[in-house]
Amino acid sequence: MGSIERRVRDGKVTYLARWRDDARRQRKRSFTRKADADRFLAQVEADIVRGQYVDPSDKTTVVEYARRWAAGRAHRPTTARRVSSLIETHIAATPLGSRRLAAVVPSEVQAWAADRARVLSPSTLRNLVGLLRSVYAAAVLDRLVGRTPVVRVSLPSAHRERVVPLTVDQVRALADAMPDRNRAMVVTQAGLGLRLGELLALRVEDVDFASRLVRIEWQFAPQSKVRTEPKTPRSRRTVPLPQVVADALRAHGKVFPPADDGTIFTTRFAGPYRHDYYGSLIFGAAVRKACLPESITTHDLRHHYASVLLMQGESVITVAERLGHENATLVLSTYGHLMPDSEERTRRAVDEAWGCAPGVPQSEGPTS
């Protein structure tokens, strides 16, 4: 049990609360009012009994614990770099980062989120707040804080711009604007719906011309030339090989032999491309040469692939599988507006169910 000692020094009265924490270490804290000391000691003893005791003297800061939390996570290298960047740029570099972890209150988190909203997109801000929420959830489990202050954070709405996919003619123009060594890369990415890292890591053994299938099993992460597994289990997939892509790959292989490890697309030095070198320099230059909007990136070829499948009547589930998405909901929310004649299909579905599809004799209705 704890105790409260009344002290008088230089005519000033204070009350010293003493207790032993859950590790049986002696602790103490001074108060100017006995009622405050009684209330605090009662709360401490109750928390110890419930297993929710938090050391009030712990001085761990938000950024210190965030770094510790990130270091202990089993993140992929690309995810680890992204998380580290968010912590250093948007937590360590803000007043919140230097705050004592247990002292932060919800209003501070809200003010921090509002400040970050000035420099981040709504989707990135949501990811950042989610990261802080995870950090505090771990801190609660570690009993460094009693409860999380990341609650009911008001965020700006994330408005998703409608995708305007490249047309076939635009993709052809883009391919024509590429150097000879890179022309087949545009056709392959647009015809298979690959992420950039998946395109750069494609090997000869991944392409089965006889079965007309392509296995997507590896990727190159940004800033890396080392093959790693795709970002999610669903990303490992097999996609149909269209004839236009098969022809482009065969023609490319005759002029530009693969690397010793089977990498299909290589630089003139027989090595793989890095994301930034291919995406920013080579692809970016072709975009300008083809007089396409400068906002076009390699990812727009993936959008093109999805739009082609939807326009040809492929189901949302099939498109999600071809793209390697975890669920079809994201495909529907991103590309749903591209599905043709959806209004007419809806009318026809109901009419056919009720037996009044075009060509079916209709009753003339009630007579007077």
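All values reported here derive from a predicted model rather than from experimental measurement.

> What should I look at first to understand the layout of surface pockets in this one?
Over the atoms rolls a probe the size of a water molecule, and its path tells where empty space is left. Of the volumes computed, that of the largest pocket is approximately 1600 Å³. In terms of lining residues, the largest pocket is bounded by 41 residues, among which Arg 82, Arg 195, Lys 231, His 299 and His 325 are the most central. Of all the elements in the fold, those that place two or more residues in the lining of the largest pocket are helix H3 (77-92), helix H5 (122-141), helix H8 (196-200), strand E6 (219-220), helix H11 (299-311) and helix H13 (328-335). Taken together, the residues that form the lining of the largest pocket break down as 13 nonpolar, 19 polar and nine charged. One number sums up the size of the second largest pocket: a volume of about 520 Å³. It is helix H1 (residues 34-50) that contributes the most residues to the lining of the second largest pocket, five residues altogether.

> How should I be thinking about the nonpolar core in this particular structure?
Side chains of a nonpolar character, in soluble globular proteins, are inclined to be buried together. Core analysis: the biggest nonpolar cluster contains 40 residues, and Val 186, Phe 265, Tyr 278 and Phe 283 have the highest contact counts within it. Of all the secondary structure elements, the ones that give two or more residues to this core are helix H6 (168-177), helix H7 (183-192), H8, strand E5 (213-216), helix H9 (243-255) and helix H10 (275-289). Contact partners of Val 186, with chain neighbours within four places excluded, come to Val 171, Leu 174, Ala 175, Met 178, Tyr 278, Phe 283 and Leu 301. Listed in part, the 30 residues of the second largest apolar core include Ile 87, Trp 112, Leu 144 and Val 153.

> It is not clear to me how empty space enclosed by the protein should be interpreted in this structure. Could you clarify?
Using the criterion set out here, one finds one cavity of 30 Å³ or more in the structure. Taken together, Glu 198, Ala 201, Leu 202, Asp 206, Arg 215, Ile 216, Glu 217 and Trp 218 form the lining of the largest cavity. Among the residues forming the lining of the largest cavity, the class breakdown is four nonpolar, no polar and four charged.

> I'm lost on the pattern of salt bridges in this one. Help?
Counted under the stated rule, the structure contains 22 salt bridges. Several salt bridges converge on common partners, so that one network encompasses Arg 203, Glu 205, Asp 206, Arg 215 and Glu 217.

> Help me understand the environment of Val 308 in this model?
You can see Val 308 is positioned in helix H11. Taking C-alpha positions, Val 308 is 9.7 Å from Leu 166, a pair spaced 142 residues apart along the chain.

> Explain H5 here, please?
Residues three or four positions apart in an α-helix share a direction because the helix packs 3.6 residues into each turn. Here H5 is 20 residues long and its end C-alpha atoms lie 29 Å apart, about the 28 Å a rise of 1.5 Å per residue gives. Of the positions making up H5, those classed as buried are Leu 125, Leu 128, Val 129, Leu 131, Leu 132, Val 135, Tyr 136, Ala 138 and Ala 139. Looking one or two residues past H5, Arg 143 carries a phi angle of roughly 60 degrees, positive in sign.

> I keep staring at the sheet that holds strand E4 (residues 207-208) and nothing clicks. Help me out?
As a general point, the strands of a sheet are linked pairwise by backbone hydrogen bonds and lie either parallel or antiparallel. One open sheet accounts for three strands, arranged E4-E5-E8; its pairing is antiparallel. A strand with exactly one partner marks an edge of an open sheet, and here the two such strands are E4 and strand E8 (237-240).

Reading guide: rules and limits
- Residues numbered from 1 in each chain as written.
- Predicted model: local features only at pLDDT ≥ 70, side-chain atom pairs only at ≥ 80, totals over all residues.
- Heavy atoms only, no water.
- 1 Å grid on protein atoms, 1.4 Å probe; cavity = no way out; pocket = protein on both sides within 12 Å on 5 of 7 lines; lining within 4 Å.
- Points joined across faces, edges and corners; volume = space filled by probe spheres on them.
- Helix = DSSP H or I, 4+ residues; strand = E, 2+ residues; numbered from the N terminus.
- Nonpolar A, V, L, I, M, F, W, Y, C, P; charged D, E, K, R; others polar.
- Core = buried A, V, L, I, M, F, W, Y, C linked by side-chain atoms within 4.5 Å.
- Buried < 20%, exposed > 50% of the residue type's maximum accessible area, 1.4 Å probe, protein only.
- Contact = heavy atoms within 4.5 Å.
- Salt bridge = Lys/Arg side-chain N within 4 Å of Asp/Glu carboxyl O.
- Expected span 1.5 Å × (residues − 1).
- Pairing = 2+ DSSP bridges.

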